[in-house]
Amino acid sequence: MAELTLNELLAGRATRIKGREYFQTAAYVEPFLERVQRLTTEFRVQVQLPTQITYTANGDINTEDITYNRVLIEGILPDEYKFSDDPHRSVVGMVYGIDVRKPVVKFFKGWERMSCTNMCVFSPQLLTCQDLESERAIDYSPLENIIRQTDDTATWLKKLVESEFSTRIQNVNESLGKWVRNCINYSFNNHYQPVKIACSTPIDAYKSLFEKEDSEYYAGLDSGNISMYQVYNAFTQELTDGMKKDPFNIFEKTLLLKDILDI
C-alpha cells in the first residue's frame, strides 16, 4: 500500500476492467469528502498501486497518469472524540475495490488509538457494504446514517481496561490455544465474503506479549495480571501491521477480535 495526498488521489484516472467502465477516482471520493469535511479537515489516504505504472522524467511515479483500483480514505475526527484514559480518535472511512471478484464499496466508523493508529471497533452496525457497479454512482446515504450513529466503543474500552488477564503459564497456554482455534472456526460475513483472521495473528500477538522484551506490549510470563486492553492492543497492532499489504478488510478483522478473544 502507498500513502497519498488528497490531491494525488483525486487525480486518479477512469479505467476499464473486464470490459466494465469505472469513473475517475474523484467521482467516487469527492462525495465522501463533501459529507465528512463537515466534521474534519484531516484525512489519511492509502491506495494499492496498479501493477503497471508510468514514471515522470525525474523517475517519480506519474500520479497524473494512474488509476487506483483499491482505495482507503479516512477522516480523522477532532479531539473532542477522545477516549480519556488512552487517547483515541473517531474515524469515518470509505474503502472500495474495483479489481476484486465482486467490486464493492464500504463505509465504516471506528476509533483509533492515537499513539499507534490501531483501530478499535465493536459494533457491526457501523459498517455498510454495497456493490460498486460500473458507470453508476455510489449511494452515500448509508455513510450519512453511520455518521449520525452513536457507538459504545468507550464502554468496551473501559471494560477491557478493567478486565484482568492472568500471565500464568497455564492460562497463557490455554488462551493461546483458544485464540488459534477461534481463528480457525470464526469468520465475519459482510454479505460479500467471509472474512477471517490468520492463525499467525494470535501467535505473533503472543510473542509481542510474552517473548519480545522490546515490544510495547511486553508483559512476560508469570508477571502477574495485565489488562485485556493490553492483550487487545497487541492483537490490533498485528492487524495494523497487516494493513501495509492490504487494508481492504481491516474493519471486519478488527470487529472479529471480539469473538477471537471471547470478550
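Just so you know, these numbers come straight off a predicted model, no measurement behind them. (Residues numbered from 1 in each chain as written. Predicted model: local features only at pLDDT ≥ 70, side-chain atom pairs only at ≥ 80, totals over all residues. Heavy atoms only, no water.)

Draft legend 1. Spotlight on the overall build of the chain. Helix and strand counts for the chain come out as 8 helices and 13 strands. Here the C-alpha atoms of the chain give a radius of gyration of 20 Å, agreeing with the 18 Å that 2.2 N^0.38 yields for 263 residues. Within the chain, contacts between residues at least 6 apart in sequence are counted, and of these 65% link residues at least 24 apart. In the chain, which carries 29 positive and 38 negative side-chain charges, the distance between the mean positions of the two groups comes to 6 Å. (Helix = DSSP H or I, 4+ residues; strand = E, 2+ residues; numbered from the N terminus. Rg over C-alpha atoms; globule rule 2.2 N^0.38 Å. Contact = heavy atoms within 4.5 Å. Lys, Arg positive; Asp, Glu negative; His and termini not counted. Charge placed at Lys NZ, Arg CZ, Asp CG, Glu CD.)

Draft legend 2. Just helix α4 (residues 153–162), in detail. Along α4, the residues that are buried comprise Thr153, Trp156, Leu157 and Leu160. The buried residues of α4 occupy an angular sector of 100 degrees when projected down its axis, which confines them to one face. Away from the buried face of α4 by more than 90 degrees, exposed residues Thr155 and Glu162 are located. (Buried < 20%, exposed > 50% of the residue type's maximum accessible area, 1.4 Å probe, protein only. Arc of directions from axis to C-beta.)

Draft legend 3. Broad picture of the pairing of strand β6 (residues 88–97). With 10 of 10 residues buried, β6 lies mostly within the body of the structure. Side chains of β6 alternate between two faces, with His88, Ser90, Val92, Met94 and Tyr96 and Arg89, Val91, Gly93, Val95 and Gly97 buried alike. Pairing between strand β5 (residues 70–76) and β6: 7 bridges, direction antiparallel. Bridge pairing links Ile73 to Met94 in β6. Across 10 bridges, β6 lies against strand β7 (residues 104–113) in antiparallel orientation. If you follow Gly93 over to β7, its bridge partner there is Phe108. Hairpin connection from β6 to β7: 6 residues lie between these consecutive antiparallel strands. (Pairing = 2+ DSSP bridges.)

Draft legend 4. Structural detail: the pairing of strand β4 (residues 43–48). Note that strand β1 (residues 2–4) and β4 share 3 bridges and pair antiparallel. Note that in β4 the partner of Leu4 across the bridge is Val45. Relative to β5, β4 runs antiparallel, the two sharing 6 bridges. In the sheet register, Arg44 faces β5, and the bridge partner there is Glu74.

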